[in-house]
Amino acid sequence: MSKEMVLRDMAAAGIPAAQYIRMSTEHQRYSPDNQKAVIAAYALDRGFDIVETYQDSGKSGLTLKGRDELKRLLSDVISGEANYGAILVLDVSRWGRFQDTDQAAHYEFMCRAAGVSIHYCAEPFDSEGGMVASIVKHMKRVMAAEYSRELSSKIARAQRLQARLGFKQGTAPPYGLRRQVIDENGVPRFVLKTGERKALATDKVVFVRGPDHEAEIIAQVFYNFVRKRMNLGQIADWLNQQGERHPNGNLWHTQPVRTLLTNQLYIGYYVFGRTRNNLQKNEPRAKDTDFSRVRVVDPIIPEKLFDAAQRRLALVTRRHWSTQEIHAGLQKLLKAEGRLSYDLIEVCPYLPRACVVSDRFGGLGKAFQTVGYEIPPRVRKNRNGLPYTDEELLEELLRIYRGHGYISRHLIDLDPECPTGRYYIRRFGGLIPAFRLAGIDADANSQRRAATARRHAFQDANGLPKARPPKRGVPDAEMIDGLRRLLATHGYLSMQLINADPDLPAVGTIARRFGGLVSIYEQVGYSSSRSEIMRAARKRLGMPVLAIQRGRSPKRKG
């Protein structure tokens, strides 16, 4: 069948098609109306019926970012929701000036694979052609990408030259500064308001200082940050309380405050072109000779204060550590010290905090294993300064059991002469196996029954009911009053007393409500620190309190 016959069949059928329109700001010939006129003539000649329009206005063709209509087009085609069989585009450059030509071909292939063809209405090649058309299409894509690259390079050179002359390039002025229009002879004309632009191409825009009260606010921000040691969030709150607004009209938050503190315009220097991103892709920072830094206004703050702010920002700015950096740092530390530990990491200048390392690898032990280091087992020493044997450890358990009539991890942790329950767990694989080796009835059910019996005995001795329904929705004031009542009745507070009181919720509820039991104990007047609470508990249990009075339990030493 000849091409003329195919075209006649298409015209008779009226194939539904969509048109894609994209316009940046580069030339009038690419205006939406001109594109639609050319596409309409092509559709009439080829027998297409335009049923859908996708239009990205004022969008660059360098990337897919920001081109919402092209994204919608691709989504409709791939999902099968498109009610058309062809897409009409003015030319290859309207589809995109992607710097990687394979990206443009990929999007076209996605449409073709879904059964929707793409037609370039103003191109000399046939969209349904063979090898020659493919070669010409690829050349057109290369030409479109090269056009953007050359145009971007020319604009970048011009902008850097203008910036070196002190003329403002792009972006809105920062807080405390304004835009001043000057003519070709450098004579000031007027100050631009937000959203206004200069009218004449021969005019230039320079920075000038804004109102005096804004300069005072800027100086106070730097003073608060450097001298008063306020953090970024506190400064943002202070600015909002002063009724000041960001130049874009929004409230202040940490990132705009950080930008303010790093802007060299406040010491009089305009810096432009430091980050090269002319083609909307990640590029390395420009060399010192590639960007401009020129004095344009009188400084608002002294350079010494600005430098001090940069030093403190470097200290408080959170750095993102990659896994590779942490791994290399651990290897370096192991080679230098011959071992790894929490304390070594904390003081290491080329590693983050130990908690960061632990979170990244799921524990310090796992982190150390990645560099071939195994944590040696911790050795506790007995009263003679020698490492505990298994028999000595089990004898300590028996001593606690005989002294109290029962054994629990809580009692082990309270005993100043015995290693911690955690040490027993690591040494014997758990407390229950350790209890059994010591000859203590350590069945889990028997332990629970013994705990229940002790709780009931405690409740009977204090005249408390043995069971109560859970309390929910108790106001904070009612909880505080209930704890004060318990303190006045018994002279102390404990988890057992709270859990047994029918008018109070469970200990966990109170701890969550007030951020911990120590915090609420202090509010009701019982002790003021965890050490005092532990000292009182030891005294009630008849244990020595000398170790606590010295500040640390002997079990933490060695």
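Source: prediction; values computed, not measured.

When helices and strands are counted, the protein chain shows 25 helices and 9 strands. A burial count over the protein chain gives 40% of its 558 residues as buried.

Time to look at the packing of aromatic side chains. Considering all chains together, one arrives at 12 aromatic pairs under this definition. Seen from their ring centres, Tyr521 and Tyr526 are 5.6 Å apart, and the 75 degrees between their planes marks the pair as edge-to-face. Given a relative accessible area of 3%, Tyr521 falls into the buried group. Clustering of aromatic rings is evident, with ring pairs tying together Phe207, Tyr270 and Phe272. When the ring centre of Tyr269 is taken as origin, the NZ or CZ atom of Arg295, which lies over that ring, is 5.2 Å away. Note that Lys332 overlies the ring of Tyr350, its terminal NZ or CZ placed 4.3 Å from the centroid.

Spatially, β6-β5-β7 is the arrangement adopted by the 3 strands of the open sheet, whose pairing is antiparallel. In this open sheet, the two strands that pair with only one neighbour each are β6 (188–192) and β7 (204–209). Direction aside, neighbouring strands of the sheet carry axes that sit 40 degrees apart on average.

Turning our eyes to something else, we now look at helix α11 (residues 323–337). For α11, spanning 15 residues, the distance from its first C-alpha to its last is 21 Å, which sits close to the expected 21 Å at 1.5 Å a residue. Within the sequence span of α11, burial applies to Ile326, Gly329, Leu330, Leu333 and Leu334. All buried residues of α11 fall inside an arc of 135 degrees around its axis, so they share one side. Those residues of α11 that are exposed and aimed more than 90 degrees away from the buried face are Gln324, Lys335 and Ala336. Residues of α11 that are buried in the fold lie against α12 (342–347), α13 (354–361) and α14 (364–369). Positive backbone phi, at 80 degrees, marks Gly338, one or two positions downstream of α11.

Right, let's talk about unusual backbone geometry for a bit. Within the chain, Arg229 stands out as a residue other than glycine whose phi angle is a positive 60 degrees. Along the chain, Arg229 turns up in the loop between α7 (212–226) and α8 (232–241).

So, on to the pattern of salt bridges. Under the definition given, this model contains 18 salt bridges. A salt bridge links Glu346 to Arg353, with the shortest nitrogen-to-oxygen separation between them at 2.9 Å. Overall, the relative accessible area of 26% leaves Glu346 in the partly exposed class. The class for Arg353 is partly exposed, based on a relative accessible area of 49%. For Arg485, the salt bridge identified is with Asp503, shortest N-O distance 4.0 Å.

With that settled, consider a nonpolar patch on the surface. A cluster of nonpolar side chains, Met131, Val132, Ile135, Met139 and Met143, forms an exposed patch at the surface whose accessible area comes to about 560 Å². By secondary structure assignment, the location of Met139 is in helix α6 (residues 131–164). Judged by relative accessible area, which is 48%, Met139 ranks as partly exposed.

Along the chain, the position of Glu214 falls in helix α7. Beyond its immediate sequence surroundings of up to four residues, Glu214 is in contact with Tyr175, Gly176, Leu177 and Arg178.

Calculation notes
Residues numbered from 1 in each chain as written. Predicted model: local features only at pLDDT ≥ 70, side-chain atom pairs only at ≥ 80, totals over all residues. Heavy atoms only, no water. Helix = DSSP H or I, 4+ residues; strand = E, 2+ residues; numbered from the N terminus. Buried < 20%, exposed > 50% of the residue type's maximum accessible area, 1.4 Å probe, protein only. Phe/Tyr/Trp six-rings, centres within 6.5 Å; stacked < 30°, edge-to-face > 60°. Lys NZ or Arg CZ within 6 Å of the ring centre and 35° of its normal. Pairing = 2+ DSSP bridges. Axes fitted to C-alpha atoms, helices over the stretch in contact; angles between N-to-C directions. Expected span 1.5 Å × (residues − 1). Arc of directions from axis to C-beta. Contact = heavy atoms within 4.5 Å. Salt bridge = Lys/Arg side-chain N within 4 Å of Asp/Glu carboxyl O. Patch = residues over 30% accessible without salt bridge, like charges linked within 9 Å, V, L, I, M, F, W, Y side chains within 5 Å. Areas by Shrake-Rupley, 256 points an atom, 1.4 Å probe, with all protein chains shown as cover.

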